[in-house]
Amino acid sequence: MAVLRVCHLYPGELNIYADRGNIAVLRRRCEWRGHRLEVLEAGIGDPIPADHDLYYLGGGQDRDQLVVAEDLPATKAAALRSAMADGAVLLAVCGGFQLAGHGYTAVDGSRMPGIGLLDADTVAGPTRLIGDLVIEAELEGERHRVVGFENHAGRTTLGPGSVPLGRVSSGHGNNGADGGEGAVTGRAIGTYLHGPLLPKNPWLADTVIRWGLEHAGGAPVRLDPLEDHLEESAHAAAVARAGVRR
Amino acid sequence: MTRTASLAIARTVGRLSRRLGRGGGTSAPGKVLLKIRPGAIQELSARLPMGSLVVSATNGKTTTARLVASCLAVEGRRVLGNTAGANLLSGVATALLDGSARRPRPEVGLFEVDEFALPEVARRLRPRVLVLMNLFRDQLDRYGELEAIADAWAAVVAELPPDTILVLNADDPAVAELGAAAGRRATYFGIDDPTAALAELPHAADSIRCRNCAAPLAYDRVVLGHMGDWHCTACDRRRPVPDVRATRVRLEGTTGLRLEIATPDGPVSADIALPGMHNAYNATAAAAAAIALGIPRDHIGAGLAAADAAFGRAERVRIGDRDAVLLLAKNPAGANVTVQTVLLDPEPLHLLVALNDRTADGHDVSWIWDVDYEPLLPRLERLTVTGDRAYDMALRFVYAGLDRDRVTVLESPEAALDAAVGDLPEGRTLYVLPTYTAMLGLREILVRRGVAEAFWHDS
């Protein structure tokens, strides 16, 4: 049995797209394999340790994200940078993706700074990009279809330090123009996919769990396969939905 | 075109819509009417001698409007309203159109209005009474975030004519702030029973920051969702003292509740045939609205007691020799109170949960992960899930800790309903938790089988 230590950042502020569903999936898929998940919740003003295996950053309402953007560099950015350098995992969804990049420029020109763990920058667009989203994702040479829902006003473009998580098959993705979705640098992943992200995408869930356990144990990990019939059916239903609505 | 001609054309659209089987024709005639006569709402509503009452909220607007209608019925008032749930501008126009043909003429308009349609409806209708009940996270893909709705409502309140009576929920911080921010007198309602309290804020609680200064809010008592006895931890904002307050709430299982309400006119008490704490809020809001309309308190008590469930909202139906209750559950806060209500049944629970993701439901189903379904797990005897996104719902329960083999997934709602009812032991009740379009679909089946009334016959 191994222990996966997760640091859930700002669960009180960044939780708008059912982010706790992602944590529930990490927990159960560890437990079903006889591993244990420990979650440390860190809110505004709380310092965080740099020795956790997986850091999770969700999305929030605009006002809450501004509060978080002020707090991140003050109490958490240094520990996060050191954890990333040590090979820990970051999963940043929606607003969390924007905050994990260089920052967000609002319609009025004001700037919400990010912490630059991903080479991504976001500028508010004139409309929200909303709808079912299907991508062909690639991690470590493995390609899988990943599904979810997107709802963001920000248009995100990547610099050379990050690659997209995947190519959009159906939906808008990072900016509705270049066909990319999400950003990956090492073991830091940012994405606009929610729904939540992990329940319908067991491959992605297991990839971040495996990375986290490898960080915890310092050695390669092979995860036992699980019975994923319901997960695959939900995945297929979401793909069918995306096809219907476009 | 003359007014008479415009009204005649629009009515013909309604008859056609009904004949073509396209629902009850509750929106299309109004749409046509507004095209050919854009001022129709102003014109037709101006003819109502008692004016109009508008109710808006994320949750509870249909039931509250129904409770007010019941009080007006005790008064013997002729009411015109959008009882079939068509609560956008076109639905209001259709209701006014239908009412304009009635003789004797209706005296008062009673409208439940979609939270985002409220600005355009209020501007045209100029309501005599505006009741604003609550703001919860609902369909984020359609409506944007909660803050945007609160801002739109603040603009509505700022534009209200000075003689409009504003009725606000003191217990919902974002709603109560509407009165304070506008510096406007309002009638506040709330729940003051100290025993009506949750141990902590539920996960789905939304308004955790002050609308005035953005500091965190603190609660001396949480009643439901983010509603309760709140105050700001930084500025002077706090829950206003309610003018109309429920001093005693006694929940009586899944069948009803008993309510004692203190009002400026004296106490009102009623046994209400609607279950759950959310219906205590609906009834208290309805009492405040009825007082604003000048209804005497004995008629309010009688009206609240006489009301039955609106379609799909704690609506009880008999299927063969078994009972089922439809409990609309369309967003986290609403689903949470539904879960709490179902738990009032002491028997092992049989549940049918139906999840659709159509436009009226919201395309984004992530909200189900914000619902606290977990308390159901130890009490569940049988769970059946159905709908367009049945598998998403199955995953929600499996990741909550339910064994996979204890979930039955049937994508066809009719098959799921029959399976769930077929498995129900005698004397037990099947609780059906559908999203909005899933509820309409299940009701169609029930109407076809003759066990429920078509909703557009509802009055």
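Before going into details, it helps to say that this report is about the structure given with it. Note that this is a predicted model, so its numbers are computed, not measured. (Residues numbered from 1 in each chain as written. Chains lettered and ligands numbered in written order. Predicted model: local features only at pLDDT ≥ 70, side-chain atom pairs only at ≥ 80, totals over all residues.)

Right, let's get into the overall build of chain A. Per the secondary structure count, chain A includes six helices and twelve strands. In terms of its C-alpha atoms, chain A occupies a principal-axis envelope of roughly 50 × 45 × 30 Å. Sequence-distant contacts, at least 24 apart, represent 72% of the contacts inside chain A between residues at least 6 apart. (Helix = DSSP H or I, 4+ residues; strand = E, 2+ residues; numbered from the N terminus. Contact = placed C-beta atoms within 7 Å.)

Turning our eyes to something else, we now look at the interface of chain A and chain B. Counting residues at the interface gives 26 residues for chain A and 24 residues for chain B. Of all the secondary structure elements, the ones that give two or more residues to the side of chain A that touches chain B are helix 1 (19-31), helix 2 (62-75), strand 7 (120-139), strand 8 (142-158) and helix 6 (229-244) of chain A. Sorting elements by how many residues they give to the side of chain A that touches chain B places helix 6 of chain A first, with six residues. Of the residues in the side of chain A that touches chain B, the class split is eleven nonpolar, seven polar and eight charged. (Nonpolar A, V, L, I, M, F, W, Y, C, P; charged D, E, K, R; others polar.)

All names here are of chain B. The strand order 2-3-1-4-5-6-9-10-11 describes an open sheet built from nine strands, whose pairing is mixed. Among the strands making up the open sheet, the edge pair consists of strand 2 (79-81) and strand 11 (266-272). This sheet shows a mean twist of 15° between the axes of neighbouring strands, independent of strand direction. Across the sheet, helix 4 (residues 61-74) is in contact with strand 1 (52-56), strand 2, strand 3 (108-113) and strand 4 (129-132); its angle to strand 3 comes to roughly 165°. Packed on one face of the sheet, helix 5 (residues 89-100) meets strand 2 and strand 3 and runs near 145° to strand 2. (Pairing = 2+ DSSP bridges. Axes fitted to C-alpha atoms, helices over the stretch in contact; angles between N-to-C directions.)

Another point: the packing of helix 14 (residues 413-422) of chain B against helix 15 (residues 436-448) of chain B. Each packed pair of helices is defined by two parameters, the angle between the axes and the distance between the axes. All names here are of chain B. The contact between helix 14 and helix 15 brings their axes to 10 Å, and the two run at 70°. When the axis of helix 14 is compared with that of helix 15, the two are roughly perpendicular. Note that helix 14 runs across helix 15; the crossing there is right-handed. Contacts from Pro-413, Glu-414 and Leu-417 of helix 14 reach helix 15 at Ala-438, Gly-441, Leu-442 and Ile-445. For the contact of helix 14 with helix 15, the class distribution of residues is five nonpolar, one polar and one charged. (Parallel < 35°, antiparallel > 145°, perpendicular 65-115°, else oblique. Left-handed = near helix turned anticlockwise from the far one by under 90°.)

Counting 217 residues, the largest nonpolar core has Tyr-55 of chain A together with Val-68, Val-131, Val-167, Ala-287, Ala-289 and Val-432 of chain B as the members making the most contacts within it. At twelve residues, helix 10 (residues 277-292) of chain B tops the list of elements feeding residues into this core. Shared between two domains, this core holds at least three residues of each, these being domain 1 (39-306) and domain 2 (313-457) of chain B. Ignoring anything within four residues of it in the chain, the contact list for Tyr-55 of chain A reads Cys-7, Leu-9, Leu-80, Ala-83, Ala-88, Val-89 and Leu-90 of chain A. (Core = buried A, V, L, I, M, F, W, Y, C linked by C-beta atoms within 7 Å. Buried ≥ 20, exposed ≤ 12 C-beta atoms within 10 Å, placed from the backbone. Domains from an automatic or database assignment.)

What follows concerns the packing of helix 2 (residues 28-36) of chain B against helix 5 of chain B. Residue and element names in this part refer to chain B. Orientation of helix 2 relative to helix 5, taken along the N-to-C sense of each, is 90°, at an axis distance of 7 Å. The angle between helix 2 and helix 5 falls in the class roughly perpendicular. Here Pro-29, Gly-30, Lys-31, Leu-33 and Leu-34 of helix 2 lie close against helix 5, whose contacting residues are Leu-89, Ser-90, Gly-91, Val-92, Ala-93, Thr-94 and Leu-97. Across the contact of helix 2 with helix 5, the residue classes break down as seven nonpolar, four polar and one charged.

On to the sheet that holds strand 11 (residues 183-185) of chain A. Residue and element names in this part refer to chain A. As summarised here, the arrangement of the six strands in space is 2-1-3-4-12-11, forming an open sheet in which the pairing is mixed. The sheet is open, and its two borders are formed by strand 2 (36-42) and strand 11, each paired with just one other strand. This sheet shows a mean twist of 15° between the axes of neighbouring strands, independent of strand direction. Relative to strand 12 (residues 188-191), strand 11 runs antiparallel, the two being bridged by three bridges. Pairing of Thr-185 across the sheet is with Ala-188, part of strand 12. Against the sheet, helix 1 makes contact with strand 1 (3-9), strand 2, strand 3 (54-57) and strand 4 (89-93), and its axis sits at roughly 155° relative to strand 2, the strand it touches most.

Time to look at the pairing of strand 9 (residues 244-252) of chain B. All names here are of chain B. Across three bridges, strand 6 (residues 187-191) lies against strand 9 in parallel orientation. When the bridges of strand 9 are listed, Phe-189 appears paired with Val-244. Judged from the seven bridges that link them, strand 9 and strand 10 (residues 256-263) form a sheet pairing that is antiparallel. In the strand pairing of strand 10, Arg-248 is matched with Glu-260.

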